[in-house]
Every structure is written in C-alpha cells, then in structure tokens.
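Observations on chain architecture
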Amino acid sequence: MALQKKDFIEIEFTGKLREGGVFDSNIKEDLEKINPNLKETPEPFVLCLGEGMFLKGVEDFLIGKEIGKYEIELSPENAFGQRNTQLVQRIPIRVFREQRLNPIPGFSFNFDGRIGKVLASSGGRVIVDFNNPVAGKDVVYTVKVLRKVDDLKEKAHALIHFLFRGHFEFEVKDKKIILEADEQLRQFLSLFKDKFKDMLDLELDFKEPTKKAEDVHEHEHNHDEHEQGHEHEHNHEHHNHDEHEHSH
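The structure reproduced in this document is the subject of the present report.

What follows covers the overall build of the protein. If you tally the helices and strands in the protein, you get eight helices and 13 strands. Looking at the protein as a whole, 41% of its 248 residues qualify as buried. When the accessible area of the protein is evaluated, it comes to approximately 13900 Å², of which 47% is carbon and sulfur surface.

This brings us to the pairing of strand S1 (residues 8–17). The buried count for S1 comes to eight of ten residues, which makes it a mostly enclosed element. Here four bridges tie S1 to strand S3 (residues 45–48), and the two strands are oriented antiparallel to one another. Within S3, the position partnered with Ile11 by the bridge is Phe45. For S1 and strand S9 (residues 139–149), the ladder comprises ten bridges, and the chain directions are antiparallel. Among the inter-strand pairings, Phe8 is bridged to a residue of S9, identified as Val149.

Pairing is mixed in the open sheet, where three strands are placed in the order S10-S11-S12. The sheet is open, and its two edges are formed by strand S10 (170–173) and strand S12 (203–207), each paired on a single side. Taken over all neighbouring pairs, the strand axes of this sheet differ in orientation by 25° on average, direction set aside. As paired elements, strand S11 (residues 176–180) and S12 share five bridges and run parallel to each other. Across the sheet, the residue bridging to Ile177 is Leu204, located in S12.

The next point concerns the environment of Arg125. Residue position: Arg125 is located in strand S8 (residues 125–129). Note: C-alpha distance between Arg125 and Gln89 (36 residues apart in sequence) is 9.7 Å. Beyond its immediate stretch of four places on either side in the chain, Arg125 contacts Ile91, Pro92, Ile93 and Ala120.

Of all the residues in helix H6 (residues 193–200), the buried ones are Phe196, Met199 and Leu200. Summarising the axial view, the buried residues of H6 lie within an arc of 90°, below the 170-degree limit, and thus occupy one face. The inward-facing, buried residues of H6 contact S1, S3, helix H4 (152–164), S11 and S12. Downstream of H6 by one or two residues, Asp201 has phi in the positive range, about 60°.

Turning our eyes to something else, we now look at the pattern of salt bridges. Summed over all chains, the structure comprises 18 salt bridges. In this structure, the salt-bridge partner of Asp138 is Arg18, at a minimum N-O distance of 3.5 Å. Pair noted here: Asp138 is in the loop between S8 and S9 and Arg18 is in the loop between S1 and strand S2 (22–25), with a separation of 120 residues, a long-range link. Through salt bridges with shared partners, a single network forms among Lys175, Lys197, Asp201 and Glu203.

What follows covers unusual backbone geometry. Look at Asp174: it is not a glycine, yet its phi comes out positive at around 50°. As for its position among the elements, Asp174 is in the loop between S10 and S11. A positive phi is found at Lys175, a non-glycine position, where the angle reads about 60°. Mapped onto the elements of the fold, Lys175 is located in the loop between S10 and S11.

This brings us to the sheet that holds strand S6 (residues 108–111). Spatial ordering of the open sheet is given by S5-S8-S7-S6, a layout of four strands whose pairing is antiparallel. Pairing within the sheet leaves two strands with one partner each, and these edge strands are strand S5 (88–92) and S6. Along the sheet, successive strands turn relative to each other by an average axial angle of 45°, direction set aside. Sheet topology places S6 next to strand S7 (residues 114–122); four bridges connect them, and they run antiparallel. Paired with Ser108 across the strands is Lys117, a residue of S7.

Thresholds applied
- Residues numbered from 1 in each chain as written.
- Predicted model: local features only at pLDDT ≥ 70, side-chain atom pairs only at ≥ 80, totals over all residues.
- Heavy atoms only, no water.
- Helix = DSSP H or I, 4+ residues; strand = E, 2+ residues; numbered from the N terminus.
- Buried < 20%, exposed > 50% of the residue type's maximum accessible area, 1.4 Å probe, protein only.
- Areas by Shrake-Rupley, 256 points an atom, 1.4 Å probe, with all protein chains shown as cover.
- Pairing = 2+ DSSP bridges.
- Axes fitted to C-alpha atoms, helices over the stretch in contact; angles between N-to-C directions.
- Contact = heavy atoms within 4.5 Å.
- Arc of directions from axis to C-beta.
- Salt bridge = Lys/Arg side-chain N within 4 Å of Asp/Glu carboxyl O.

Now the structure itself:
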C-alpha cells in the first residue's frame, strides 16, 4: 500500500553531498564517517509524513511510494536553500572572550540557538557564517522505509521526542494523551495541543509526575547524554544537519 500524508513510518537514512561526503545519518557506520569517536548507537527514527518532521523534499518524495529503499536527489531549493550573504556576520571578539571561547576558524559555536561557523578573526572582530553548512549544495539522500508504524503509543513517543527533544512519561486514554508534567511546564506544552490533535487525533491533558523530581532530572540527564550521540541535529527542520556539530 502506498504511503500517504500523515502516515508514521520508521526510516534509515543517510544524507550526502552530491560530490561525496556524509553530513547526516541515523546509521552507525555512516555517522562514524562524520564523527569517528561516536560511541552511542543511533535510535530508530520515526516520522509523520508531510508534517515537517524531516526534510520537506524527502517527505514529499516518499508520499505515494511503497515501503522500500530510495535514492533521492535534491537541488538546494528543495533541500537547505541557497546561501544568504546576510547570514555572514561580524561579531565582537569580546563576545567569545566573555564565554571563555577561542574563535578558531573552522570551528562552530552555538549562539543563542543559532549555529555559526567561524570564518576568520582579526582586528577585534570575528566573521561568523550562520548559513547551514549544506546550504547552496546539491544533496543525495538514501532512505530505506523499514515499516509503517501503527501503534499509537509509538507514534506519540516519536511526536513528543520531535517537539520537545526530551522524554515525558505519558499514557493514552479515552482519546487523550496525558503527559506527566509539572505545573510550570504545562503552559508551554499546551502550545502544541493542536499538533497532538492533528497528527494523533488526541486531546492533550496533564497529570502530576509520578516520579520524584530528582529521579526525573537524573533520567533526563542520562537521556540527554544519549542524545548527544544521535543529534543529527534532526532538528530536521532538522534535524540541523551540521557536520561540525558532530565534531565539536
């Protein structure tokens, strides 16, 4: 049966530049080409087709296809866009010194959620490129659709991980998804209630966490450590596809 928009599927994928060079993957052997010191095994990746959980050009290609393996060639317009000269900016070197950072050309840093690569440093100014490293390049994705996901809890887990980059205990009951969350988090989480309704046909509700706060903190700490090995900065908006982030 052909894949349709809003189907949840599990995929293995590797993104390469057309001229060669892996920049993103959830396959251990390919990730090791980006980061030879990778120790963690990547988690399976489940997405909802047509909902922006992966690169739009790839999602659009897969809609209407059967379960199987595909090679998808994408131009910059259908991948990460063209380079924008306005995203190459000069930043005072004191910004780095205040954070005790050394702006070495070629290194990438996180500036309030934006990843920038240092191009040059001189005269008290650092030139930083905030373009996606793959912007302006033709890319090729090898995607293997492993299966269609039908289990509602598995779908919910994938959506929670995509939206919040973290772990929440939850249960599905009476057409509701009930997240365990402290009172101070609920207003933020409620911003995504339409996503749960649209993609899972579930109303979002909350209950008090059953674990002690320190247990939850420890769990999230361990989860974050695990994520560092798999962060294909599937912030695939995403997932951030930054090969330097794997290294630094």
